[in-house]
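Structural features, examined
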Protein chains: 2
Amino acid sequence: MSLSELGARAKEAAQTLRTKDDIEKKQALIQIAAALTDNAEEILLQNQKDIETARDKLSASMLDRLTLTKERIRSMAEAVSAVAQWPDPVGKILEETKRPNGLIIQKTAVPLGVIGIIFEARPNVTSDCAALCIKAGNACILRGGKEAFHSNMAIVRVMREALTRSSLDVNCIQLVEDTRRESAEEMMKMTGYLDVLIPRGGAGLIKSVVDNAKVPVIETGVGNCHIYIDKAANPDMAADIVFNAKTSRPSVCNAAEKVLVHRDVASTVLPLLAKRLAEKEVQLRGDAEACSILPGAKPAAEEEWSQEYLDYVLGIKVVGSIDEAIRHIEQYSTHHSEAIVTEDLQAADKFLRSVDSAAVYHNASTRFTDGGEMGLGAEIGISTQKLHARGPMGVDQLTSYKYVIKGNGQIR
Amino acid sequence: MSLSELGARAKEAAQTLRTKDDIEKKQALIQIAAALTDNAEEILLQNQKDIETARDKLSASMLDRLTLTKERIRSMAEAVSAVAQWPDPVGKILEETKRPNGLIIQKTAVPLGVIGIIFEARPNVTSDCAALCIKAGNACILRGGKEAFHSNMAIVRVMREALTRSSLDVNCIQLVEDTRRESAEEMMKMTGYLDVLIPRGGAGLIKSVVDNAKVPVIETGVGNCHIYIDKAANPDMAADIVFNAKTSRPSVCNAAEKVLVHRDVASTVLPLLAKRLAEKEVQLRGDAEACSILPGAKPAAEEEWSQEYLDYVLGIKVVGSIDEAIRHIEQYSTHHSEAIVTEDLQAADKFLRSVDSAAVYHNASTRFTDGGEMGLGAEIGISTQKLHARGPMGVDQLTSYKYVIKGNGQIR
């Protein structure tokens, strides 16, 4: 099936899904969750094919992301059930005013329509994204990476089959079965069908979508996150926060990648930090001053200041002032999450106001930039752009609004 | 000066503007309003140059849009003063939660950053857009049409001069002084400098920006607006609403372009409508059935159903049901504003839910889709896309948000 046929079917599905109430969407999602568990064997069988093909091509960590187990499928089903229970954002009246001429204006949350999602090798993304889209009343067109082709085919088949037992159009969920690069490029140009395209994956995928898409895009995920240790920081708290933000899960976008430390405390804080990070064998990359304090650190290359390591590697720079820290972040950050550690409330306030990132922290780990941790529910990604939604994009952020205006013959 | 130099200066200006309080922004806008009035003579002189160059090239209506008068400059200044008085959206805490671990999460409104605006021949757009951007804490890069080159140069010079008497960076307002097509194309690719690009003008300009931009765009303005006259409509109300929506100002995007009428009432309502519209010599273009009822109507070509006439022309189609009306709108509308006229509340509810446009009306003229009329203040344009903002984009819609998270050492 061609992409424009998928698009036309999705548009039609979105048209009916828009008017469904929450009970119908909830029932459909519960069917999907049950079907994933019931068909776990079949999904695992298809996943095995992908793993065999990929075994010699992918790194161990990529292979791990690709691999499904009974336990992981159960988690996928549980995630779908959790989304089913989330309050329905659609139809919510966000603002209501009555104008002097008697017009009643209701700003009302509505679905976005058709959402395209391009992702890479994690098959669980398939069910996560589909569930979030449906809950917000959107049809979705999913395109996973070729590594997960058989797994995605199986998961989507199971989900669509479940939809036939619901009141929703089965075309609310569709998979692009063509995994060549050309199909992704064509998808980026589906104006007229896609209301938004969300890339979910590494920096390369996201850049390619941002550069080539003609449809509106939500840029997600890349996180070159900074922690600034102010001269008024509690050194133990700073060490705890950096240790947590760097090592609790280095492969994710909210992990810290850089530490900026005030010169006045560098010689006391950095050795403390290095000692903690050594527990996890974190490699340190410093500027000249940081390297002079930390004999174990290697010099960082200029391009590393912009880099997302996603690994047990941390860049460290000594700065002369909070202003220098803010300027450095402005220049090198991907504007995902940045933190200041300080006991000085004025310094904290300055940092929180001036740093222009999706999440800015005072005395906490950057690892909290996450839909679940922030109480926003499951997320489709972390937006690092400023239009539409910023930070975790949950069900609520997958909606738009329209103005519903009620009159009794008003003219202008 | 190159566009990337303008971009770098705007980014720097945005960085400081972000932290300014409302009093400073208000004072700067009041300075700008006063400067426009004080320098009216100079602006008119430069405008005269543009008019002389354009006299033989532009239509009368385009020439009228280009022309400034002392009165119009006073209106421009008044518009800037009105924006100055609008409540400051920046810093507003939109949501606040305390998590079980003690983290305080504040979803806080922040400026978008740097806004690019590409517009055509109306010089008043220059001061309107600059004022809206500044009030929301954004630096702007303006690029007007070549027809208004001297006028725009003068207006921007006056506004920047006024900024030197304020605490804001003068580079909060910059004009692209190169009016060749290439400069617009380059502007569309200024990723790294522009947070959003807003085209303000005709369908051609908007399509070109949507097709070519690599930066996030807000699509504005094109309005192929429909009025559906239901079988349960009050015929006199229907005639009043259509007459108003078509003829009160046909050149604007919220003017009605098409009427869909239910077959059961077509033969009574259409002649009534035609009689009213004849007062303003509106040309009627109908489908076969409408033409058979209205001898004065000419057959509409297929492509006209998608067309925005912006003139005293109205397309009329007879439909067999409300569902057919909804499907027609789904297919041909630009999703700006659509209205139903009916006394049947169930039909109204169905229309308001199913029609996916920025503004949907029951028993009122589409002409109310306007920031001022809707109580949203002055607007930079009417968004017809679903990401970020929909409908009138006022000061509030020129902001984004960030999550400000306050802890006391929380780790995950």
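For the structure given in this document, a descriptive report is provided here. Since the model is a prediction, treat every value here as computed from it, not as a measurement. (Residues numbered from 1 in each chain as written. Chains lettered and ligands numbered in written order. Predicted model: local features only at pLDDT ≥ 70, side-chain atom pairs only at ≥ 80, totals over all residues. Heavy atoms only, no water.)

A common way to report how large an interface is uses the accessible area buried once the components associate. On the side of chain B, 72 residues touch chain A, which itself brings 72 residues to the contact. In this assembly, chain A packs against chain B so that about 6100 Å² is buried in total across both faces, 50% of it on carbon and sulfur atoms. When the buried surface of chain A facing chain B is broken down by residue, L387, Y403 and R412 of chain A rank first, second and third, together holding 14% of it. The tally of links from chain A across to chain B stands at eight salt bridges. For R18 of chain A, the salt bridge goes to D356 of chain B, with nearest N and O atoms at 3.4 Å. The element contributing the most residues to the side of chain A that touches chain B is strand β16 (residues 399-410) of chain A, with eleven residues. Residues of the side of chain A that touches chain B, tallied by class, amount to 31 nonpolar, 22 polar and 19 charged. Pairing of β16 of chain A with strand β13 (residues 359-364) of chain B involves five bridges; the strand directions are parallel. Its bridge partner lying in β13 of chain B, K406 of chain A is registered against H362 of chain B. (Contact = heavy atoms within 4.5 Å. Buried area = accessible area lost by both parts, 1.4 Å probe. Salt bridge = Lys/Arg side-chain N within 4 Å of Asp/Glu carboxyl O. Helix = DSSP H or I, 4+ residues; strand = E, 2+ residues; numbered from the N terminus. Nonpolar A, V, L, I, M, F, W, Y, C, P; charged D, E, K, R; others polar. Pairing = 2+ DSSP bridges.)

Turning our eyes to something else, we now look at the environment of C253 of chain B. Residues and elements named next belong to chain B. Inspection of the secondary structure puts C253 in the loop between α10 (235-247) and β8 (256-262). Separated by 97 residues in sequence, C253 and V156 have C-alpha atoms that sit 27 Å apart. With sequence-adjacent residues up to four places away left out, C253 is seen in contact with G221, G223, C225, E308, H336 and I382.

This brings us to the relation of the copies chain A and chain B. Structural alignment of chain A on chain B gives an RMSD of 0.0 Å, achieved by rotating through 180° and translating 0.0 Å along the axis. In short, the pair behaves as if placed about a two-fold rotation axis. Of the C-alpha atoms belonging to chain A, the one lying closest to the rotation axis is found on H388 of chain A, 1.7 Å away. (Least-squares fit on C-alpha atoms with pLDDT ≥ 70 in both.)

Another aspect to go through is the sheet that holds strand β5 (residues 173-175) of chain B. Strands pair in a sheet through their backbones, by hydrogen bonds, and they do so in one of two ways: parallel or antiparallel. Residues and elements named next belong to chain B. With parallel pairing, four strands are arranged side by side in an open sheet as β5-β4-β3-β6. Each edge of the open sheet is held by one strand with a lone partner, namely β5 and β6 (196-200). Across the sheet, the mean angle separating the axes of adjacent strands is 20° when strand polarity is ignored. Relative to β6, strand β3 (residues 114-119) is paired through five bridges, and the arrangement is parallel. Bridge pairing in β6 places I118 opposite P199. Sheet strands touched by helix α7 (residues 149-163): β3, β4 (139-143) and β5. Its angle to β5, the strand with the most contacts, is close to 155°. (Axes fitted to C-alpha atoms, helices over the stretch in contact; angles between N-to-C directions.)

Attention now moves to the packing of aromatic side chains. Residues and elements named next belong to chain A. Enumeration according to the criterion identifies four aromatic pairs over all chains in this entry. For the pair Y401 and Y403, a centre-to-centre distance of 5.6 Å together with 80° between the ring planes defines the contact as edge-to-face. Taking the ring centre of F243 as reference, the NZ or CZ of R276 above it sits at 4.4 Å. (Phe/Tyr/Trp six-rings, centres within 6.5 Å; stacked < 30°, edge-to-face > 60°. Lys NZ or Arg CZ within 6 Å of the ring centre and 35° of its normal.)

Attention now moves to the nonpolar core. With 116 residues, the main nonpolar core has I32, L142, I173, L197, I227 and I229 of chain B as its most contacted residues. When near neighbours in sequence (up to four residues on either side) are disregarded, L197 of chain B contacts G116, I117, I118, M187, M188, V209, A213, V215, P216, V217 and I218 of chain B. Judged by nonpolar contacts, the second largest core, of 115 residues, contains L17, C133, A139 and A389 of chain A. (Core = buried A, V, L, I, M, F, W, Y, C linked by side-chain atoms within 4.5 Å. Buried < 20%, exposed > 50% of the residue type's maximum accessible area, 1.4 Å probe, protein only.)

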